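Structural features, examined
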Amino acid sequence: MADNQNQTQSEILEVSPSAVLPSRFGMFRIKVFRDIRKLEHAVIYVGDVDNGEPVLTRIHSECLTGDTLGSLRCDCGFQLEAALRKISERGRGALLYMRQEGRGIGLFNKIAAYRLQDGGLDTVDANLRLGFPADGRSYSLCAEMMRAMGFDKVILMTNNPAKINDIAQHGITVVDREPLEYGENKYNEGYLRTKETKMGHLLHHQD
């Protein structure tokens, strides 16, 4: 077992120093991890996350349209803001901002998927039509980043059981789950319904 672990190549290439990040959600610190593909992922955190206690954590995949442009087609921007507020209010926690746009297919292909959705396909079928999986994300790097930050036990803010299972398979103990349901509106009703019915997301507090 130890030999297999030693043979596993780290996905982390470089780690930045941490710096203060004052924001409209509260006072945070930020650290950036550069992976072996030269993509840069951020950890925005508050408090002593390395004291051995479970850390309130959000793994958030980059979404330019939702996080930055305020798109109502998804709930990403709403979830990002809610997670940062929760972490700030509790005074301890971490948000991993991962460069996995469009569930791993990239912005260009995500917009191509949007066009297919405009024609009637849902988010899953649009990805499949383009030759991509419904969700192509991996969380092995997230687990590495958490351990590098000094924690391996989390209270995970997510509605996605697959995310819980994947991060657990990479050695992170999920001691609890906190739902994160925000931003439902007339433009993303179908999107949320697809996440629930085709991807198994636990919506409407289905604990």
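Definitions and cut-offs
Residue positions within a chain follow its written sequence, with the count starting from 1. Residue-level local features of this predicted model are given only where pLDDT is at least 70; pairs of side-chain atoms are given and counted only at 80 or more, and the full residue set underlies all totals for whole chains, interfaces and linings. For side-chain calculations, the full set of non-hydrogen atoms in the structure is used, while hydrogens and water are omitted. UniProt positions are given in the numbering used here, feature names are shortened, and annotations may be inferred rather than shown by experiment. Whenever a carboxyl oxygen of Asp or Glu lies within 4 Å of a side-chain nitrogen of Lys or Arg, that contact is scored as a salt bridge. Helix and strand definitions follow DSSP, with helices as H or I runs of at least four residues and strands as E runs of at least two, each counted in order from the N terminus. Each residue is placed in one exposure class: buried if its accessible area under a 1.4 Å probe, protein chains only, is under 20% of its type's maximum, exposed if it is over 50%, and partly exposed if it falls in between. Any pair of Phe, Tyr and Trp rings, taking the six-membered ring for Trp, is counted once the centres come within 6.5 Å. Such a pair is stacked with planes under 30 degrees apart, edge-to-face with planes over 60 apart, and tilted for the rest. Our definition puts a charge over a ring when NZ of Lys or CZ of Arg is within 6 Å of the ring centre and also within 35 degrees of the ring normal. Here the expected span of a helix is defined as 1.5 Å times the quantity of residues minus one. Counted charges follow a simple rule, with Lys and Arg positive, Asp and Glu negative, and His plus the chain ends left uncounted. In this analysis, two residues are considered to be in contact whenever any of their non-hydrogen atoms come within 4.5 Å of each other. What qualifies as a polar contact is a pair of N or O atoms within 3.5 Å, subject to a donor-acceptor requirement within protein and to the restriction that residues adjacent in sequence count only when both atoms come from side chains.

For the chain, an unreviewed UniProt entry supplies the name GTP cyclohydrolase-2 and the organism Candidatus Anaerobiospirillum pullistercoris. Word for word, the UniProt comment on the chain under Function (unreviewed entry) is "Catalyzes the conversion of GTP to 2,5-diamino-6-ribosylamino-4(3H)-pyrimidinone 5'-phosphate (DARP), formate and pyrophosphate." The UniProt entry for the chain carries the following text under Catalytic activity (unreviewed entry): "GTP + 4 H2O = 2,5-diamino-6-hydroxy-4-(5-phosphoribosylamino)-pyrimidine + formate + 2 phosphate + 3 H(+)".

What follows covers the pattern of salt bridges. Using the criterion set out here, one finds 14 salt bridges in the structure. Here arginine 24 ties to glutamate 81 by a salt bridge, and the two come within 3.0 Å at their closest N and O atoms. One end of the pair, arginine 24, is in the loop between strand E2 (19-23) and strand E3 (26-35); the other, glutamate 81, is in helix H3 (residues 76-90), with 57 residues separating them in the sequence. Across the pair lysine 110 and glutamate 101 runs a salt bridge whose closest N-O atoms are separated by 2.6 Å. The buried category is assigned to lysine 110, whose relative accessible area is 7%. Note on glutamate 101: relative accessible area 6%, which makes it buried. Where salt bridges share partners, they join Glu14, Arg34 and Glu40 into one cluster.

Further remarks concern the packing of aromatic side chains. In total, this model carries 0 aromatic pairs according to the counting rule given. A cation sits over an aromatic face here: arginine 73 above tyrosine 114, 4.1 Å from the ring centre.

Time to look at H3. When the terminal C-alpha atoms of H3 are compared, their 21 Å separation across 15 residues agrees well with the 21 Å that a helix rising 1.5 Å per residue should span. By the burial criterion, the buried members of H3 are Cys76, Gly77, Gln79, Leu80, Ala82, Ala83, Leu84, Lys86 and Ile87. Positioned one or two residues after H3, glycine 91 has a phi angle of 75 degrees, which is positive.

Attention now goes to the side chain of lysine 31. As for its position among the elements, lysine 31 is in strand E3. Here lysine 31 sits buried without a salt bridge, and the closest side chain of opposite charge, aspartate 50, lies 8.6 Å off (N-O distance). Residues contacting lysine 31, with those up to four places away along its chain left out, are Val15, Ser16, Pro17, Ser18, His41, Ala42, Val43, Tyr45 and Met149.

Right, let's talk about the side chain of asparagine 160 for a bit. Residue position: asparagine 160 is located in the loop between strand E7 (153-157) and helix H8 (161-169). There is a polar contact of 3.0 Å between the side chain of asparagine 160 and the backbone nitrogen of alanine 162. Those residues in contact with asparagine 160 that lie beyond four places of it in its chain are Asp135, Arg137 and His201.

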